[in-house]
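Letter by letter, the chains look like this.
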Number of protein chains: 4
Amino acid sequence: MINVGLVGGTGYTGVELLRILVQHPQVNLKVVTSRGEDGTPVSDMFPNLRPFTNITFSVPDVKTLCECDLVFFATPHGVAMEMAPELVKAGVKIIDLGADFRIKDVVEWSKWYGLEHTCPDIVEQAVYGLPEVNREAIKQAQVIANPGCYPTAAQLGLLPLIEQGLIEVEGIIADCKSGVSGAGRQAKIGGLLCEASESFSAYGVPGHRHLPEIKQGLQNANNNNEVGLTFVPHLTPMIRGIHATLYAKLKDTSVDLQKVFEERYANEPFVDVLPAGSHPATRNVKGSNFNQIAVHRQQGGDTVIILSVIDNLVKGAAGQAVQNMNIMFGFDERAGMTQPAMLP
Amino acid sequence: MINVGLVGGTGYTGVELLRILVQHPQVNLKVVTSRGEDGTPVSDMFPNLRPFTNITFSVPDVKTLCECDLVFFATPHGVAMEMAPELVKAGVKIIDLGADFRIKDVVEWSKWYGLEHTCPDIVEQAVYGLPEVNREAIKQAQVIANPGCYPTAAQLGLLPLIEQGLIEVEGIIADCKSGVSGAGRQAKIGGLLCEASESFSAYGVPGHRHLPEIKQGLQNANNNNEVGLTFVPHLTPMIRGIHATLYAKLKDTSVDLQKVFEERYANEPFVDVLPAGSHPATRNVKGSNFNQIAVHRQQGGDTVIILSVIDNLVKGAAGQAVQNMNIMFGFDERAGMTQPAMLP
Amino acid sequence: MINVGLVGGTGYTGVELLRILVQHPQVNLKVVTSRGEDGTPVSDMFPNLRPFTNITFSVPDVKTLCECDLVFFATPHGVAMEMAPELVKAGVKIIDLGADFRIKDVVEWSKWYGLEHTCPDIVEQAVYGLPEVNREAIKQAQVIANPGCYPTAAQLGLLPLIEQGLIEVEGIIADCKSGVSGAGRQAKIGGLLCEASESFSAYGVPGHRHLPEIKQGLQNANNNNEVGLTFVPHLTPMIRGIHATLYAKLKDTSVDLQKVFEERYANEPFVDVLPAGSHPATRNVKGSNFNQIAVHRQQGGDTVIILSVIDNLVKGAAGQAVQNMNIMFGFDERAGMTQPAMLP
Amino acid sequence: MINVGLVGGTGYTGVELLRILVQHPQVNLKVVTSRGEDGTPVSDMFPNLRPFTNITFSVPDVKTLCECDLVFFATPHGVAMEMAPELVKAGVKIIDLGADFRIKDVVEWSKWYGLEHTCPDIVEQAVYGLPEVNREAIKQAQVIANPGCYPTAAQLGLLPLIEQGLIEVEGIIADCKSGVSGAGRQAKIGGLLCEASESFSAYGVPGHRHLPEIKQGLQNANNNNEVGLTFVPHLTPMIRGIHATLYAKLKDTSVDLQKVFEERYANEPFVDVLPAGSHPATRNVKGSNFNQIAVHRQQGGDTVIILSVIDNLVKGAAGQAVQNMNIMFGFDERAGMTQPAMLP
């Protein structure tokens, strides 16, 4: 049983983390913070939690947080880096669901996030929390940079091919579609049902913050050599789910792609490579931490097409964070996430 | 650990039951039947179950079913009554999620369901599986008639008032709204996304099969005296959820209605009476077995308005069935259903 | 050809009015105001209008508005009453799509809208713009109070019965369901797709501003005698549409209700009484100015059930406003609205 | 005024055609056929048309059709080619919204559609009805092959670049997303709201029938030289709309792409090139015949990204058919389609 704190509990990532944590067998939820909602019972804001917790939001307070074994940050970028140094000094473990520690190149980070980074040393020590790549490092980590939603779906779909040098690394295309919860629980016109439902559109085509994060991951897999990536995110009229459709040119069309993927993920508890010819749907993983992947070639061509789906709030955020926690503390990696996805 | 069979596993009620059963700590899923899908892995049809079960559909076979401790029927009406007698004789317990054993008056049943009833004796012994009313009888029952979705939402909202004689029992109105999954997983034009989304309509206004079921329950609570009920179901453009808006005339406006409801359901694990002034939303209970209730009067008038929400596939079907199973076998009544609703 | 101004063009009512007006054969759109968007092309905000108008938003200015033959207000309550006196003095006709002139009793108005009324004299002269009731008065009116969305659907469903004294006027119930566009184009959490889709809930049960408006209309039809009404609005996960399900007790069950409705609306261009036994769906009228009505009794009982559907943005707002304009200026009452609803 | 017949009026393409035709100023709707619905009023099936037409479905009959000036086929493939020869002989003009005359290579057609073609001569004379390419030929045509929905969106986005030789024609990627109405009004499980809403998935990745159609169009623009295309369609949880996201490698990054598109479509009544930096949304064109296009490069790279949106039922089917009719008969090309898109 560990004591856990959550900084920033009022967003969709926050409530999803709470949904998992309140029934996690080894977690004692000690503190959930929100400046704006100090004193409000968490279940007043999220009535699905009414029968599960009486905890109230409180103002973030480093002293209280330092009494936790682990603190999750489910905050906009810039918040975690302000509080992390003191917590790190106190020996508290940190999982940041935001973007503060994801990009190793802090100059690049500043360019995309518009802030000076205040603790580059913690960036350096932080482990990028994609268990399928960094499981051993996660076990030892004090600070985890939990991956973004698009980067999780895109990297899991592309890594097997890049690691084995099977594709041309220039000209990779990641055409990604996300449910609206990816935009967060913010009072903005664009997220209204009347704006976002019954419509589909791309956004951020000139450049999106997840572009450098995906590139970094792919380049690590490519022995730190440059990778050419075009990444286009789209807003999809549904609450949850990411579907990444990934395109690359094969070096050799005789490779058994199905086998490459099945072997790469044979021991992964949350990656499910579908049978050849499958088309994963985001609803197959709704509410669960699974990633489903299918790999295709069209009409015998030399373009490989990978379909990779996750729930953006689970494997793309809160679920992956709990998976990282489970690894860090030696729990069963599936603990708290033993439920099938909700279908329909 | 008990051996469980499921007859009719290809509908939404069936897959929801499977979603709960595959991770229920005391259940061994022995057989899932479907005439049409014999030999197909269940997870081919429902890919959310891929990592959880390797079971395949098989043709229903009484001998195999007799090896189970409990058999669920998630079938259209008329199926359970054909197979029940043999199973009952063999000592197998039965929970019918269909309508075969819900209406005690078999003549009335025939009128609404268009079939002659083949085992009125089992109707007589069957217990109507609404735990909030019949928990003690359920413990002893061999056959459970699992309530319909609308009847569950409507009865839980009205029973406290009728049991205590607080409302005029003529002129009760149940204006009920259901998600589209209530229509089942059937290839019909009316259920298409292009027909049912972005639209709202009533149906079955002249008379719906759940009318006699709700009336029977209310009359039982009214010392078997007649109750006058108008029930109008509506199709709502969403997958899951029932919202019952219930209207009745109060005999005495000085009664503390909030207290009546809170006391009636104080010990119920799955009924959550919201604070005065609340408006429950169906999403608060999506994917969970909870019923949320709020009670109102408008502008000090003498009409009581009760808002009662459930997930039609859980408390309105599969979850209530598992709750009944838990009661019948002496398990924790919450077993298998310890997760908060999925929000958003 | 008349010159038309629109005050408040950035909401859903505003854009819907523009959608109709830009292709209305007798309208020259002279000015569209918005304080916040001064100088922005209207079609930047509403790209569906790109090929139809080059007009830009401008700051509201009484002098320019006075050059119009007609000014629509699609503004929050309180705005129209500030600007109306000067326009009225200048002889400009006004159609207020807001609530400023709907309630004849200004004390009652203040109670519900929380403001002192600044021009009770204009309230007195204003005509309630429900053409099916006040067509002759509309022809002569200078100021039209365009009805609210729920009041339109509810009154059209109940008026035939009240006018002819066919129902008990105590205990009328209006259970109404609206698409989310009824909440307006406002950056509020509650209207987000992730909050409002895949959910259904009531709101305003203790008392909603449309309650006194509906009561006023029903009482007018009841020879100014009191009417007892319970009105419960619900938020429905779709963009457009209102479905009113109306319940009342019949004085005499032998009346031919179908005939009553058909005769009452025989000459109405936008009210469509469906054949006996029908269930109107909101999608039947999506994007059109029609109201579809069906009338039922259940199992031969003495409760009459009326189903009344409109598009809240058209017959419930902008379309009805244009219908009023057409009547005021002697145009074909259907002008600008000769398109069928969009289905699917 | 021309007499028009419609063969196959019960699908979504059919009802959309009817929605346009019943208010088209130069069309007299003479006959609407359906084998299964003989004698049913069209407005019983599509109640949005109630106030607009009294026509009933009738069994298709060549003699009656021969009395029309123009016959639309909104039928599954294989139907139009059976009836076309007789109509052609009788001098009737034909617009086939199905696939029978789209592919010039009848062997290729048979491969994808699984039928022997019965009138290759009509295929040869038929004009592919994309007005932006073939307007002059359409004016003279007797038989129009109305383009598919995906092919319309994809070709309009890619043609300007191919015609001018600005991109590498190997390795073009068309990642396309369609609303569910693209699957037609068919009673199939996959189209149910409970299957298709709140989910996103690719389909037909190994090969879809629109692949050869798009390739044919691109190759024509490429002086009949081979084009390498990967086409992946996706099912999007909404009723209407197609969003094509198109990727190709630029030969020369110094070209002013915005100007290329604006000039190419300067005189097109239904193609709207958005300002540089825009992201079109499908809702901008919902219910209208417009195509909106934006062109991008990401981070200064050499991949051009084109975003092209249409309403699949209008510009992707019925609207384009009416546009073709207008051109064939010398009507205003916009006739019957002078309404803005419905937003929201």
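Worth saying up front: this structure is predicted, and the values here are computed from it rather than measured.

## Considerations on the overall build of chain A
- If you tally the helices and strands in chain A, you get 12 helices and 14 strands.
- Based on the C-alpha atoms only, the size of chain A along its principal axes is roughly 60 × 45 × 40 Å.
- Scored against the burial criterion, the 344 residues of chain A give a buried share of 66%.
- When contacts within chain A are restricted to residue pairs at least 6 apart in sequence, long-range pairs at least 24 apart make up 71% of them.
- Side-chain charges of chain A comprise 27 positive and 36 negative groups, with the mean position of each set lying 3 Å from the other.

## Things to note about the domain arrangement of chain A
Residue and element names in this part refer to chain A.
- Taken as a whole, chain A is organised into domain 1 (2-125) and domain 2 (150-312).
- Averaged C-alpha coordinates put domain 1 and domain 2 at centres separated by 27 Å.
- Facing 15 residues of domain 1, the contacting portion of domain 2 comprises 13 residues.
- Buried surface at the junction of domain 1 and domain 2, summed over both partners, amounts to about 1200 Å²; 54% is from carbon and sulfur atoms.
- Considering only the surface of domain 1 that becomes buried against domain 2, Y12, R102 and W112 emerge as the three largest contributors, covering 49% of it.
- In this structure, the connection of domain 1 to domain 2 is made through two salt bridges.
- Between the two partners, domain 1 and domain 2, sit seven residue pairs in polar contact (both at pLDDT 80 or more).
- Within the residue set of the side of domain 1 that touches domain 2, elements represented by two or more residues are α1 (12-21) and α5 (106-113).
- Within the side of domain 1 that touches domain 2, the residues separate by chemical class into six nonpolar, three polar and six charged.

## Thoughts on the pairing of strand β5 (residues 93-96) of chain C
Residue and element names in this part refer to chain C.
- Across four bridges, strand β4 (residues 70-73) lies against β5 in parallel orientation. Residue F73 lies in a different strand from β5, and its bridge partner there is D96.
- One crossover worth recording links β4 to the parallel β5 by way of helix α4 (residues 79-89), and it is right-handed.
- With three bridges connecting them, β5 and strand β7 (residues 143-145) associate as parallel partners. Paired with D96 across the two strands is A145, which belongs to β7.

## Points about the relation of the copies chain B and chain C
- Superposition record for chain B on chain C: RMSD 0.0 Å, screw rotation 180°, translation along axis 0.0 Å. Expressed as an axis order, the relation between the two copies is that of a two-fold axis. Residues of chain B ranked by C-alpha distance from the rotation axis are headed by P237 of chain B, positioned 3.1 Å from it.
- Taken together, the interface assignments show that 100% of the residues at the interface of chain B recur at the interface of chain C, consistent with an identical surface on both copies.

## Re the pairing of strand β14 (residues 303-310) of chain B
Residues and elements named next belong to chain B.
- Within β14, eight of the eight residues are buried, which leaves it mostly tucked inside the rest of the structure.
- Where burial is concerned, the two faces of β14 agree: the one with T303, I305, L307 and V309 and the one with V304, I306, S308 and I310 are both buried.
- Here strand β11 (residues 242-249) pairs with β14 via eight bridges, running antiparallel. By the bridge assignment, K249 is partnered in β14 with T303.
- Inspection of the sheet shows strand β13 (residues 291-297) paired to β14 by six bridges, in the antiparallel sense. Across the sheet, the residue bridging to H296 is I305, located in β14.
- Between β13 and β14, which follow one another and run antiparallel, lie five residues, and Q299 among them has a positive phi close to 55°.

## Here's the deal with the interface of chain D and chain A
- Contacts between the two partners involve 45 residues from chain D and, on the opposite side, 45 residues from chain A.
- Interface area for chain D against chain A, summed over the two sides, is near 3700 Å², with a carbon-plus-sulfur share of 55%.
- On the chain D side of the contact with chain A, E198, F200 and Q298 of chain D bury the most area, a combined 19% of that side's loss.
- Taken together, chain D and chain A are joined by four salt bridges.
- Between D175 of chain D and K177 of chain A there is a salt bridge; the shortest N-O distance is 3.1 Å.
- At the level of elements, α5 (106-113), β8 (172-178), α9 (193-196), β9 (201-202), β10 (229-235), β11 (242-249), β13 (291-297) and β14 (303-310) of chain D are the ones that each hand at least two residues to the side of chain D that touches chain A.
- Per-element tally for the side of chain D that touches chain A: the top contributor is β10 of chain D, with five residues.

## So, the relation of the copies chain D and chain A
- Rotating chain D by 180° about the axis while translating it 0.0 Å along that axis superimposes it on chain A, leaving an RMSD of 0.0 Å.
- Taken together, the interface assignments show that 100% of the residues at the interface of chain D recur at the interface of chain A, consistent with an identical surface on both copies.

## A word on the interface of chain B and chain C
- At the junction of the two partners, chain B supplies 45 residues and chain C supplies 45 residues.
- Contact between chain B and chain C buries roughly 3700 Å² in total, counting both sides, with carbon and sulfur atoms accounting for 55%.
- Three residues stand out in chain B for area buried against chain C, namely E198, F200 and Q298 of chain B, and they jointly supply 19% of the buried area on that side.
- The tally of links from chain B across to chain C stands at 30 residue pairs in polar contact (both at pLDDT 80 or more).
- Those elements that place two or more of their residues in the side of chain B that touches chain C are α5 (106-113), β8 (172-178), α9 (193-196), β9 (201-202), β10 (229-235), β11, β13 and β14 of chain B.
- Tallying contributions element by element places β10 of chain B first for the side of chain B that touches chain C, with five residues.
- By residue class, the composition of the side of chain B that touches chain C is 21 nonpolar, 15 polar and nine charged.

## What about the environment of L6 of chain C?
All names here are of chain C.
- On the secondary structure map, L6 appears in strand β1 (residues 2-7).
- Sequence-wise, L6 and V227 are 221 residues apart; in three dimensions their C-alpha atoms are separated by 36 Å.
- Other than its neighbours up to four places away in sequence, L6 contacts G14, L17, L18, V31, V32, T33, F72 and A74.

## Quick word on the sheet that holds strand β3 (residues 57-58) of chain A
All names here are of chain A.
- One open sheet holds the seven strands; their spatial order is β3-β2-β1-β4-β5-β7-β6, and the pairing between them is parallel. With partners counted over all chains shown, the strands left at the sheet margins are β3 and β6 (127-128), one partner each.
- Here six bridges tie strand β1 (residues 2-7) to strand β2 (residues 27-33), and the two strands are oriented parallel to one another. Considered in β2, the bridge of G5 is made with V31.

## Details of the side chain of E132 of chain A
Residues and elements named next belong to chain A.
- With respect to the element layout, E132 can be found in helix α7 (residues 131-140).
- Under the relative-accessibility criterion, E132 is labelled buried at 5%.
- Of note is the side chain of E132, whose polar atom sits 2.8 Å from the side chain of K315.
- Residues contacting E132, with those up to four places away along its chain left out, are L156, R264, Y265, E268, V271, K315, Q320 and Q323.

## Structural notes on the sheet that holds strand β1 (residues 2-7) of chain D
All names here are of chain D.
- Strands sit in the order β3-β2-β1-β4-β5-β7-β6 across an open sheet of seven strands; the sheet is parallel. Pairing within the sheet leaves two strands with one partner each, and these edge strands are β3 (57-58) and β6 (127-128).
- Relative to strand β5 (residues 93-96), helix α12 (residues 314-328) is tilted by about 160°, and along the sheet it contacts β1, β2 (27-33), β4 (70-73), β5 and β7 (143-145).

## Regarding the environment of K89 of chain C
Residues and elements named next belong to chain C.
- Here K89 lies in helix α4.
- On the basis of relative accessibility, which here comes to 75%, the residue K89 falls in the exposed class.
- Taking the C-alpha atoms as reference, K89 lies 9.4 Å from C66; in sequence the two are 23 residues apart.

## Brief notes about the state of the cysteines
- Inspection of every chain in the model, using the stated rule, returns zero disulfides over all chains.
- Left without a disulfide partner, C119 of chain A is nearest to the cysteine sulfur of C66 of chain A, which lies 15 Å away.
- Sulfur of C149 of chain D: no disulfide; nearest cysteine sulfur belongs to C176 of chain D and is 9.2 Å away.
- Using a relative accessible area of 14% as the deciding quantity, one classes C149 of chain D as buried.

Reading the values: the criteria
Residues numbered from 1 in each chain as written. Chains lettered and ligands numbered in written order. Predicted model: local features only at pLDDT ≥ 70, side-chain atom pairs only at ≥ 80, totals over all residues. Heavy atoms only, no water. Helix = DSSP H or I, 4+ residues; strand = E, 2+ residues; numbered from the N terminus. Buried < 20%, exposed > 50% of the residue type's maximum accessible area, 1.4 Å probe, protein only. Contact = heavy atoms within 4.5 Å. Lys, Arg positive; Asp, Glu negative; His and termini not counted. Charge placed at Lys NZ, Arg CZ, Asp CG, Glu CD. Domains from an automatic or database assignment. Buried area = accessible area lost by both parts, 1.4 Å probe. Salt bridge = Lys/Arg side-chain N within 4 Å of Asp/Glu carboxyl O. Polar contact = N/O pair within 3.5 Å; in protein donor to acceptor, adjacent residues only side chain to side chain. Nonpolar A, V, L, I, M, F, W, Y, C, P; charged D, E, K, R; others polar. Pairing = 2+ DSSP bridges. Right-handed = clockwise from strand over helix to strand, strands pointing away. Least-squares fit on C-alpha atoms with pLDDT ≥ 70 in both. Axes fitted to C-alpha atoms, helices over the stretch in contact; angles between N-to-C directions. Disulfide = S-S within 2.5 Å.

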